[in-house]
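Here's the letter readout for the chains.
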Amino acid sequence: MVQEGIKDSSSKLDIPDFLYHDLFDKSPIPQAVCKMNGTIVELNLAYARLLHQTAESDFNLNLSNFLTDSDWQREQAIWNSLNAQDLFDYRTTYLLPNNQVSKISISAVGLEVTNEKLIFLTVNSSEEQKITSSFSDRSNNSQANNWEFSSLAQESLSTIILCLDVNGQIIYANQAACSRLGYSLAEIYTLSVFDIDATFSPTTQIEIWSQHWQDLKQRQSVVIESRHCTKSGAIFPVEVTANYGEFEQQAYNFVQVKDISDRIENEKILQGQIERELLQTSALNHKNYRLQQEIHERLQIEEQLRQSQKLLQKLNEELEQRVTERTCKLMESQQLLQLVIDTVPQCIFWKDQNFVYAGCNLKFAELVGFECPEAIYGKTDLDLFWSDRNAYSLLRSDHIVMDLDFPELMALEPETLACGREVWLESHKVPLYDLDGNTIGLLGTFQDITKHKQAEESLKKLNLKLQQAITKADAANQAKSDFLANMSHELRTPLNGILGYAQVLLQNSEEQSKEYQIFRTIEQCGSHLLMLINDILDLSKIEAGKMELLCNDFHFANFLHNIGEMCRLSAETKQINFGIDFPKTIPEIVRGDEKRLRQVLINLLGNAIKFTDRGAVSLKITEIATMNPNSEPNLTQVKLRFEVVDTGIGIAEQQLPIIFQAFEQVGERHNQAEGTGLGLAISRQLLGLMNSQLHVSSEVNRGSTFWFDLSLLVISPNNVQSVWETTVRVEPQNTPPSNLAVTMIAPPPEEIEVLHKLAMLGSMKKIRQRAKYLKSLDQKYTLLADKLEQLAQGFQEKAIVNLIEQYLK
Ligand code: ADP
């Protein structure tokens, strides 16, 4: 039903009435007009379909029939609140035939038509959206086909409604289209679809549009997404529902445009959410993968654990087996230990911390009168058979052992056993510790030391006897030394007489005569005897403790030089090298017993030359220390090493300890003939008096070294180089010894006789005087005289005798 009044008032443009009508009727959006009591006065095909009705049945319809009572009441309340042109969106549920339900969203607009309030309903969305219709479906005789309604309805819609002709020209646009696109109604009718749809480009738009038109014609209804452009140039996304329609041989495209900015935005948000969720899912997947891996690993570990458990079980079984075996062995070793303890010859016991016996061996049990070791449990020393004195001593020693953590050895007073035997016991105790090192008691032994004690007693008695014997022997020895000293002295006087007269007799007899030989033998034997007596006298003096050192200050280098001169002749005679080496720094004047030091050195050098047939003999002196003696704080003391080195026959190792004993001679017989076997014994004793010690090292056929260290007080530390050469060296002469006589001119025989006598008497002073006298006789005797003087200076009795005897024949 079309009302002319409405048509006239709204026809600002020359739009045909039928178009309004068709727009309403063919609109894909369900639209209806109702009275306030719910009677539907107009509905389009889409609404009729929504309600599952035909277009013919619309006048008999009341909307309340499609609603529950409560929904109808609610809906009426909404309608009542609406004034004309008011819009209200709400949701409701239609109960349809065949028990179907349709949930829909409705926009209700109040209308005022010829003083009657009507409600214009537009379904915004529902499960029933698809409308396929054609103009032919439309009932021509619809009474409620009210143009005003249709027009109003189209204009009231918030959705953009457009009608395009076959060229894309806009021939209808509703109010929503104008306001969303920003054009006035007049402007919009000048536009085509290419002006508002931003997806078209000028070059291809015709082609695309015609293709679209074909497609639309074929499919009748097409839904596409596109972008529309407002007048101000703003672009917004849209969902376009295009419906194909024909009227009076003209084709039209009825377009419903939905702004889907929100939807796109929501889709973007949704997409973001989806992406985030995808990321989360990926992370979760990753986690899941890790978890799976973890589970796999755990399973593997569980498997390994199971294997280990099995292994452990096996090991446990083995361990138990071993424990059982060990326990058996332990029991065996315990039994063995008990056996050992019982077999040990000592009595063994152990006590707890309270000094109470906790165990013992069989021997101890028997000692203290018990039948078995167990009887000792709980006893203390006070319960045993010890005398009170011993019992308390034992308890005291227990305290020492445990309180001081100290082993204790003690001897008991003699005890009398039950059998009546008297025993001496010795107790030895040590602390007993647990594994943490805490003292838990003590372990002790008792040892029967009766035999030791008895032996000790007899040893004591023996010692006493020995001491008495030693005292007696010492006294006898002293007597012997005294006797020897006296005898030696007494012997020398008559011996000198014998020697003197033997020499007188020699002088008075013919050299070739028998008497001469006899007197000569007497004289030689006497000389040897005198030498022996002198040595014995020295040794006796030393042993009797009567030898005293006489210290004097002497020129040390001079002293060494003289010794060298004394030995030179013997070395020359044997054609061996001889030298004295001493450092430049030796002190000039020293304090010591010059005579005894000379005696020692001449003895060692004499031996060295005597036992060396080729090579060299040397005396080396080295300084090994200097110090300040306590006795003479102002003076320094120099410690010198004296070494007598030879390349002679040497001494076998096993004979080395013997040679220092008196009267001991080793080696070949013919080498022994010249000596007495007392020289080294005397030298050692003399050095002992000087707080020194004589050492020797020797190798057979390679030579010997005798050495000793001696401290001498330094009186004048001057460097001696300016006075003496540091080395006195005697090179052997190439000429044989017999040639000596040629160089040393022999004095007259009477002079030789006198010198020989004096040499045999050992009077060095007189030899020196006679040597001076010789020189005064004739200068040609100087060489011999000097030699004699040197030898006499060095008390070289033997050498003087040897020298003079060369001229005797
Ligand atoms: P003797 O008067 O016999 O030389 P000693 O007491 O001086 O007595 O020497 C004891 C012995 O030691 C000598 O007989 C000799 O066998 C041995 N002896 C001492 N010095 C040397 C040496 N330098 N080389 C080899 N043997 C030596």
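A few points on the structure. These figures come from a predicted structure and were not determined experimentally. (Residues numbered from 1 in each chain as written. Predicted model: local features only at pLDDT ≥ 70, side-chain atom pairs only at ≥ 80, totals over all residues. Heavy atoms only, no water.)

A tally of regular secondary structure across the protein chain gives 23 helices and 25 strands. Counting every position in the protein chain, which comprises 809 residues, the buried fraction comes to 43%. By sequence separation, contacts in the protein chain at least 24 residues apart represent 59% of the contacts at least 6 residues apart. Summing over all exposed atoms, the protein chain offers an accessible surface of approximately 44800 Å²; the carbon and sulfur share of this is 52%. (Helix = DSSP H or I, 4+ residues; strand = E, 2+ residues; numbered from the N terminus. Buried < 20%, exposed > 50% of the residue type's maximum accessible area, 1.4 Å probe, protein only. Contact = heavy atoms within 4.5 Å. Areas by Shrake-Rupley, 256 points an atom, 1.4 Å probe, with all protein chains shown as cover.)

This next bit is on the site of the ligand. In the vicinity of the ligand, 21 residues are found, and the nearest of them are N607, Q665, V666, T676 and L680. Between the ligand and N607 there is a distance of 2.7 Å, counted from an oxygen atom to a side-chain nitrogen or oxygen. Contact between the ligand and L680: an oxygen atom at 2.8 Å from a main-chain N or O atom of the residue. Burial of the ligand by the protein chains amounts to 98% of its free accessible area of 530 Å². For the shell around the ligand, the secondary structure elements donating two or more residues are α16 (594–610), α18 (679–689) and β24 (703–716). Broken down by element, the shell around the ligand gets its largest block of residues, four residues, from α16. Taken together, the residues of the shell around the ligand break down into nine nonpolar, nine polar and three charged. (Near = heavy atom within 4 Å. Polar contact = N/O pair within 3.5 Å; in protein donor to acceptor, adjacent residues only side chain to side chain. Nonpolar A, V, L, I, M, F, W, Y, C, P; charged D, E, K, R; others polar.)

This part takes up unusual backbone geometry. Although it is not a glycine, Q85 sits at a positive phi angle of roughly 75°. Positionally, Q85 belongs in the loop between α4 (69–81) and β3 (87–96). Despite not being glycine, T114 shows a phi value in the positive range, around 40°. Its place among the elements puts T114 in the loop between β4 (100–113) and β5 (116–126).

Take the pattern of salt bridges next. For the coordinates displayed, the defined rule picks out 28 salt bridges. In this structure, R306 and E303 form a salt bridge, with 2.8 Å as the shortest nitrogen-oxygen distance. You can see R306 and its partner E303 sitting in helix α10 (residues 261–343), three residues apart, about one turn around the helix. For R306, a relative accessible area of 43% translates into the label partly exposed. Among the residues examined, E303 registers a relative accessible area of 35% and is labelled partly exposed. K775 is the partner of E789 in a salt bridge, and the nearest nitrogen-oxygen pair spans 3.3 Å. Taken together, the residues span a long stretch of sequence, with E789 in helix α22 (residues 782–793) and K775 in helix α21 (residues 764–777) at a distance of 14 residues. Each of E225, E239, K258, R263 and E267 takes part in one network of salt bridges that share partners. (Salt bridge = Lys/Arg side-chain N within 4 Å of Asp/Glu carboxyl O.)

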